Amino acid sequence: MSSTTDHFSKLPTEINVNFLRRLDFRSLLACREVSRLLRTIVDGTAALQYIIALGASGLRVGSLVGPDTGSPECMAILDKYNTAWRNLEWTEHKILTETRDMETKWHLSGGVWAQLDESETAIHFYQLPSHLRGIKERQWVLQFDVKVETFNMDPSQDLLVLVHSKPLPVANHRFRYDLFITLRSLSTGDEHPLAVEAQGEDYHLMLDVGKNVRRSICPIQVCGNNIGRHVYDNLNVWNWRTGVQKLFRKCESFVFLDSDHVLVVSVYGHDTPTPSPCVALNPR
Amino acid sequence: MPTIVSVDDSTVPGEGSSRLLLLVSSDNKHIVVEEDIMSRSRFISKQVEGFEATSQRHAILLPFSSFVLNKVIEYCSHYRGYYLLEDDPDAAPPGRSPVREWDQEFLDVDRNMLLRIIKAAHYLEIKSLVGSCARAIADMIRGKTTEEMREILGVENDFTPEEEHSPSSKCTG
């Protein structure tokens, strides 16, 4: 009679390596603790050690140039990458904002620098080059037919979040600003193929004439599948691929901790019970 | 007199079909299958080359059960004549569902069966099937805790208490 344990321990090492190399570094480290056999394989296989070494540097297989075999050659490239970060060794030096002043909105995320220009209808992009990661320098401009209030982006998902508004005069010298959010492809400016059509409910803001509060309107953040937007004390978080709302709450400010958690800043009176500032978006 | 077990209708030889192979499983079931279905297996291909060289064809004995063998033949029949790139599971054979999708359903079996299939695929040198099984195993344990992994893989904790939490020797910082 063969026990279940036998089935697994009798697998040829190549098979074990074949499924282990498909795991992320955290799962690999957990695998090391499963049994002596698995620890021996994880510790003794260069390609698996390479995955763990990459993970320890915040990288994944394919992040760096060269083969992913764990050969001395790719270990040397990883070492060079880590040394460059540790010593902050620049490989290039370039001034990006000669003509456009820093007053205008800008973002630096995922190795891409983006800045809204004075016309507020065009965003200039600059992809920072990296020789070790095999990323080429690239510059491009996206022109829009609306005035961009604010924007944010996630280059890893080719995602650009645009917020634009339409002012409509209403009674008593007041304006109504309708805010619209559209999700574009960062590289082409076209509609993002993975985004659902309606992105968060459109907002109607009543603003007094002459008050220049537009600049501070609607801070917006992206994290994985979630977009968070803070307008007039209200935080709205939704999944941009499904359109499902994840959170709606009054707060002063917010930040994504990871794709599942938001930290919210709220002001409470002495006698009111204060809920946890960390909100899980996908409670188990 | 050996029992001849036909795999399914598609393997019944018709006019102009390829030559037949006789495979014998560890439980002594005799399975007749068309040669070109099994050409995905490097092991079988090498055996067939041997037949050509000596002009003698004989049964191929395999060290696993007919249950597992039939499963492997089902896989090979599905992808008959289709070039499979092991690292491109999203490709689709003409007029069929993508490889990843079909394989996932095909490999929706219990752990022991999955381990038997991967061992058989490894023995027969069917790289794409080994890859798909390995992907299925990786999917089962990815993101799990060590304890959960032991349960899923059916592995006993054989560490001494001192060994259990020793840090990775090669990977520090």
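Residues numbered from 1 in each chain as written. Chains lettered and ligands numbered in written order. Predicted model: local features only at pLDDT ≥ 70, side-chain atom pairs only at ≥ 80, totals over all residues. Heavy atoms only, no water.

Student: Hey, could you run me through the overall build of chain A in this one?
Tutor: When helices and strands are tallied, chain A shows 6 helices and 15 strands. Relative to its full complement of 284 residues, chain A shows a buried share of 43%. In chain A, 41% of the contacts between residues at least 6 apart in sequence involve partners at least 24 apart. (Helix = DSSP H or I, 4+ residues; strand = E, 2+ residues; numbered from the N terminus. Buried < 20%, exposed > 50% of the residue type's maximum accessible area, 1.4 Å probe, protein only. Contact = heavy atoms within 4.5 Å.)

Student: Whenever I open this one, the pattern of salt bridges confuses me. Can you help?
Tutor: Residue and element names in this part refer to chain A. Throughout the structure, instances matching the rule amount to 14 salt bridges over all chains. Across the salt bridge formed by Lys94 and Glu137, the nearest N and O atoms sit 2.6 Å from each other. Of this pair, Lys94 sits in the loop between helix H6 (72–86) and strand S1 (106–109) while Glu137 sits in the loop between strand S3 (122–127) and strand S4 (138–143), placing them 43 residues apart in sequence. The class for Glu137 is partly exposed, based on a relative accessible area of 37%. In this structure, Glu120 and Lys147 form a salt bridge, with 3.9 Å as the shortest nitrogen-oxygen distance. (Salt bridge = Lys/Arg side-chain N within 4 Å of Asp/Glu carboxyl O.)

Student: Looking at this structure, how should I read the interface of chain A and chain B?
Tutor: The accessible area lost on association of the parts is a frequent measure of interface size. At the interface, 29 residues of chain A touch 38 residues of chain B. Between chain A and chain B, roughly 3000 Å² of surface is buried when both sides are summed, and carbon and sulfur atoms account for 59% of that area. At the boundary of chain A and chain B, one finds 1 salt bridge. Arg36(A) serves as the salt-bridge partner of Glu163(B), at 3.0 Å between the closest nitrogen and oxygen. Taken together, the links from chain A to chain B amount to 8 residue pairs in polar contact (both at pLDDT 80 or more). Taken together, the residues of the side of chain A that touches chain B break down into 12 nonpolar, 7 polar and 10 charged. (Buried area = accessible area lost by both parts, 1.4 Å probe. Polar contact = N/O pair within 3.5 Å; in protein donor to acceptor, adjacent residues only side chain to side chain. Nonpolar A, V, L, I, M, F, W, Y, C, P; charged D, E, K, R; others polar.)

Student: Just checking my understanding: could you explain the packing of helix H5 (residues 127–141) of chain B against helix H6 (residues 146–153) of chain B for this structure?
Tutor: All names here are of chain B. Relative to each other, H5 and H6 sit at 140°, their axes nearing to 9 Å. Between H5 and H6, the crossing angle belongs to the class labelled oblique. Of the residues in H6, those touching H5 at Ile137, Met140 and Ile141 are Met149, Ile152 and Leu153. Taken together, the residues of the contact of H5 with H6 sort by class into 6 nonpolar, no polar and no charged. (Axes fitted to C-alpha atoms, helices over the stretch in contact; angles between N-to-C directions. Parallel < 35°, antiparallel > 145°, perpendicular 65-115°, else oblique.)

Student: How should I be thinking about the sheet that holds strand S9 (residues 220–223) of chain A in this particular structure?
Tutor: Each strand in a sheet pairs with another by means of backbone hydrogen bonds, the pair being arranged parallel or else antiparallel. Residue and element names in this part refer to chain A. Across the sheet, 4 strands lie side by side as S9-S10-S11-S12; this open sheet has antiparallel pairing. Each of the sheet's edge strands pairs with one partner strand only, and the pair in question is S9 and strand S12 (245–250). Strand after strand, the sheet turns through a mean of 15° between neighbouring axes, direction not considered. When strand S10 (residues 226–231) meets strand S11 (residues 234–239), the two strands line up antiparallel, connected through 6 bridges. Residue pairing across strands places Val231 opposite Asn234, the latter belonging to S11. (Pairing = 2+ DSSP bridges.)

Student: What am I meant to see in the environment of Phe254(A) here?
Tutor: Residues and elements named next belong to chain A. For Phe254, the position within the fold is in strand S13 (residues 253–258). Classification of Phe254 as buried rests on a relative accessible area of 6%. Along the backbone, Phe254 and Val265 are 11 residues apart, and their C-alpha atoms lie at a distance of 6.0 Å. With sequence-adjacent residues up to four places away left out, Phe254 is seen in contact with Pro219, Gln221, Gly228, Arg229, His230, Leu235, Val262, Leu263 and Val264.

Student: Could you clarify how one ought to interpret the confidence of the model for chain B in this entry?
Tutor: Atom-level detail of predicted coordinates should not be read off regions where pLDDT is low. All names here are of chain B. On average, chain B scores 82 in pLDDT, and the residues at 70 or more come to 79%. The secondary-structure element of chain B with the lowest mean pLDDT is strand S1 (residues 4–6), recorded at 40, while helix H2 (residues 66–78) shows the highest, at 95. In the model, residues 1–16 has pLDDT below 50 throughout and makes 22 contacts with residues more than four positions away in sequence or in other chains. pLDDT under 50 marks residues 169–173. Its contacts with residues more than four places away, or in other chains, come to 7 contacts. (pLDDT = per-residue confidence, 0-100.)

Student: Explain the packing of aromatic side chains here, please?
Tutor: The geometry of an aromatic ring pair is captured by two quantities: the separation of the ring centres and the angle between the planes. Residues and elements named next belong to chain B. Taken as a whole and judged by the stated rule, the model has 10 aromatic pairs over all chains. Taken together, a centroid distance of 5.7 Å and an interplanar angle of 40° make the contact between Tyr75 and Phe106 tilted. Placement of the pair is Tyr75 in helix H2 and Phe106 in helix H3 (residues 99–106), with a sequence separation of 31 residues. Here a set of aromatic residues connected by ring pairs shows up, and it is made of Tyr75, Tyr79, Trp102 and Phe106. (Phe/Tyr/Trp six-rings, centres within 6.5 Å; stacked < 30°, edge-to-face > 60°.)

Student: Got a minute to help me understand the sheet that holds S13(A) in this structure?
Tutor: All names here are of chain A. With antiparallel pairing, the 3 strands of this open sheet are ordered in space as S13-S14-S15. The outermost strands of the open sheet, each flanked by one partner alone, are S13 and strand S15 (278–280). For this sheet, the mean inter-axis angle between neighbouring strands, taken without regard to orientation, is 30°. Here S13 pairs with strand S14 (residues 261–265) via 5 bridges, running antiparallel.

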